[in-house]
Amino acid sequence: MDLSELGAFLRSRRSRIRPADVGLPGGPRRRVPGLRRDEVATLAGASPDYYTELERGRGAQPSAQMLAALARALRLDHDERDHLFHLAGRPVPPPRGGLSYVQPAMLDLLGRLAGTPAQIITDLHETLVQNPLAVALLGRQPTGGGFAASFAYRWFTDPAARELYPPEDHPHQSAAFAADLRAAAGRRGKDPYSDAMVAALRRESAEFAALWDGGDVAVRRRDSKRIVHPELGVVEIDCLTLLSEDGRQRLLWFAPRPGTPAVEQLRLLEVIGTQRLTADEVG
C-alpha cells in the first residue's frame, strides 16, 4: 500500500471533474481546475480534513466503504475504481454485495438533472449517490456497506426512517417495499447478500415477515409520494424510476404535478438546498 500514490491518483481524478458534472454550482472564484477538496469530501460523506489528509498521502488506510464513496464522488469507471482499491491495499469488491459500483450511464443522467431531486439506488434500495436537491428533499442517506445502507431495510427496522412519510401512508409503503424486495431477490437468484438481508428482515420485523409470506411481487417503477419535509411541510410528488439494463440499479427522480403546490415547494427547495450547501462550505 502506497498512500502517496493513492493521494496523487485522487488529485488527478478530482481535477478533471467540473462542478456541473456533479450538480454543484461553478461559481466565479475557482482557482483550481475541477472540484475542490471540500466538495469531494461532501459528495463522499467525509470530513474535508480527512479527505485532505488522504490526498496528502497521510493518515490511516481508508475503509472499503470510504473508497466506494470516493469512487462514486469522483465518477470513476470500473477500471479506475479497481485501481483505487488496489492503491489503498483493499480487496476489490465482488460484483455482488453491498458495495455496488455505480454505472457511468446512470451517473451521466443524474448529472443532467441538476434542477430536479434525483438519486441512484440499487434494487435493494441502497443509496449510491444523491444530487444536492435530493439531499435537500430526503436528507443525506447512508452510503456505506451493510444492510443499514438500504432504506427498505431501515424502513422495517428503524422507526426514524418512517418519519419521511405521513403515518397514514406507512401501510402502502411497507407493502410496496416488501413486494419490490421480493422481485429483486427473485431476479438475483442465489445471491447470498440479498438472501441474508431478507432473512434478517424476517427475524427483525414481524410486519415484513407477514408481508413477505403474503407473496406479493412488484417492481416499483412509479409511485406518488407524500414526503414530510421539516421546512416545507408535506410535499406531494411523483417518483419516477429508470432501471439499468440488468435491473440492479435505478435512477429515481421526483417531479411535481403541474398546477400543484409541489411546484412552488420545489422552487423553495432549490433555495434551501443552496443555502445548506453554502453553510456547509463555510463550516
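Before reading further, recall that the structure is shown in the block above.
Conventions we followed
Residues numbered from 1 in each chain as written. Predicted model: local features only at pLDDT ≥ 70, side-chain atom pairs only at ≥ 80, totals over all residues. Heavy atoms only, no water. Helix = DSSP H or I, 4+ residues; strand = E, 2+ residues; numbered from the N terminus. Contact = heavy atoms within 4.5 Å. Areas by Shrake-Rupley, 256 points an atom, 1.4 Å probe, with all protein chains shown as cover. Pairing = 2+ DSSP bridges. Axes fitted to C-alpha atoms, helices over the stretch in contact; angles between N-to-C directions. Buried < 20%, exposed > 50% of the residue type's maximum accessible area, 1.4 Å probe, protein only. Core = buried A, V, L, I, M, F, W, Y, C linked by side-chain atoms within 4.5 Å. Salt bridge = Lys/Arg side-chain N within 4 Å of Asp/Glu carboxyl O. Expected span 1.5 Å × (residues − 1). Arc of directions from axis to C-beta. Phe/Tyr/Trp six-rings, centres within 6.5 Å; stacked < 30°, edge-to-face > 60°. Lys NZ or Arg CZ within 6 Å of the ring centre and 35° of its normal.

Attention shifts here to the overall build of the protein. Broken down by element type, the protein carries twelve helices and five strands. Within the protein, counting contacts between residues at least 6 apart in sequence, those at least 24 apart form 59% of the total. If you sum the accessible surface of the protein, you get close to 13500 Å²; carbon and sulfur atoms cover 54% of it.

Spatial strand order, E2-E1-E5-E4-E3: five strands in an open sheet with antiparallel pairing. Two strands lie at the open edges of the sheet, namely strand E2 (127-130) and strand E3 (222-229), each paired on one side alone. Each adjacent strand pair in this sheet contributes to an overall mean axis angle of 30 degrees, direction not counted. Sheet topology places strand E1 (residues 118-122) next to E2; three bridges connect them, and they run antiparallel. Note that in E2 the partner of isoleucine 121 across the bridge is threonine 127.

For a regular strand, side chains alternate in direction, first toward one face of the sheet and then toward the other. With five of its five residues buried, E1 lies for the most part within the structure. In E1, alternate side chains face the same way, and those of Ala118, Ile120 and Thr122 on one face and Gln119 and Ile121 on the other are all buried. Note that E1 and strand E5 (residues 249-255) share five bridges and pair antiparallel. The partner of isoleucine 120 across the bridge, within E5, is leucine 251. With antiparallel pairing between neighbouring strands as the criterion, E1 and E2 make up a hairpin whose turn holds four residues, including histidine 125 at a positive phi of roughly 70 degrees.

Glancing now at the nonpolar core. One finds Phe208, Ile227 and Phe254 to be the most contacted residues of the largest nonpolar core, which totals 37 residues. Ignoring sequence-local partners within four residues, the contact set of phenylalanine 208 consists of Phe156, Ala178, Leu181, Val198, Leu201 and Arg202. Core analysis: the second largest hydrophobic core is formed by 25 residues, Leu6, Leu74, Leu84 and Leu87 among them.

The next subject is the pattern of salt bridges. The full count for this structure, using the stated rule, is 23 salt bridges. A salt bridge links aspartate 82 to arginine 81; its shortest N-O distance comes to 2.9 Å. Salt bridges sharing partners connect three or more residues here, namely Asp123, Arg187, Arg188, Asp191 and Arg248.

To continue, consider helix H1 (residues 3-15). Taking 1.5 Å of rise per residue, 13 residues should cover 18 Å, and H1 covers 18 Å from first to last C-alpha, within 8% of that figure. All of the buried residues in H1 are Leu3, Leu6, Gly7, Phe9, Leu10, Arg13 and Arg14. The arc that holds every buried residue of H1, seen down its axis, measures 165 degrees, which confines them to one face. Where the residues of H1 are buried, they touch helix H2 (37-44), helix H3 (48-55), helix H4 (64-73) and helix H5 (78-87).

The first and last C-alpha atoms of helix H9 (residues 170-188) sit 27 Å apart over 19 residues, in line with the 27 Å expected at 1.5 Å per residue. Looking one or two residues past H9, glycine 189 carries a phi angle of roughly 75 degrees, positive in sign.

Position of glycine 186 among the secondary structure elements: in helix H9. Considered as a pair, glycine 186 and valine 217 are 31 residues apart in the sequence and their alpha carbons are 9.3 Å apart.

Right, let's get into unusual backbone geometry. Despite not being glycine, arginine 75 shows a phi value in the positive range, around 55 degrees. Assessed through its relative accessible area of 19%, arginine 75 is described here as buried. Although it is not a glycine, histidine 125 sits at a positive phi angle of roughly 70 degrees. Mapped onto the elements, histidine 125 comes out in the loop between E1 and E2. The buried category is assigned to histidine 125, whose relative accessible area is 7%.

Bringing the packing of aromatic side chains into the picture now. A complete count under the given rule lists eight aromatic pairs for this structure. Consider the rings of tryptophan 155 and tyrosine 165, whose centres lie 5.7 Å apart with planes at 70 degrees: the pair is edge-to-face. Placement of the pair is tryptophan 155 in helix H8 (residues 151-157) and tyrosine 165 in the loop between H8 and H9, with a sequence separation of ten residues. For the pair formed by tryptophan 155 and tyrosine 165, the shared burial category is buried. When the ring of tryptophan 155 is compared with that of phenylalanine 177, the centres are 5.7 Å apart and the planes differ by 50 degrees; the resulting orientation is tilted. Here phenylalanine 177 lies in helix H9 and tryptophan 155 lies in helix H8, a separation of 22 residues in the sequence. Like phenylalanine 177, tryptophan 155 is buried. Ring-pair connections join several aromatic residues into one group, and the members of that group are Phe151, Trp155, Tyr165 and Phe177. The side chain of arginine 182 reaches across the aromatic face of tryptophan 212, ending 4.1 Å from its centre. One cation-aromatic arrangement involves arginine 220 over phenylalanine 177; the distance from NZ or CZ to the ring centre is 4.9 Å.

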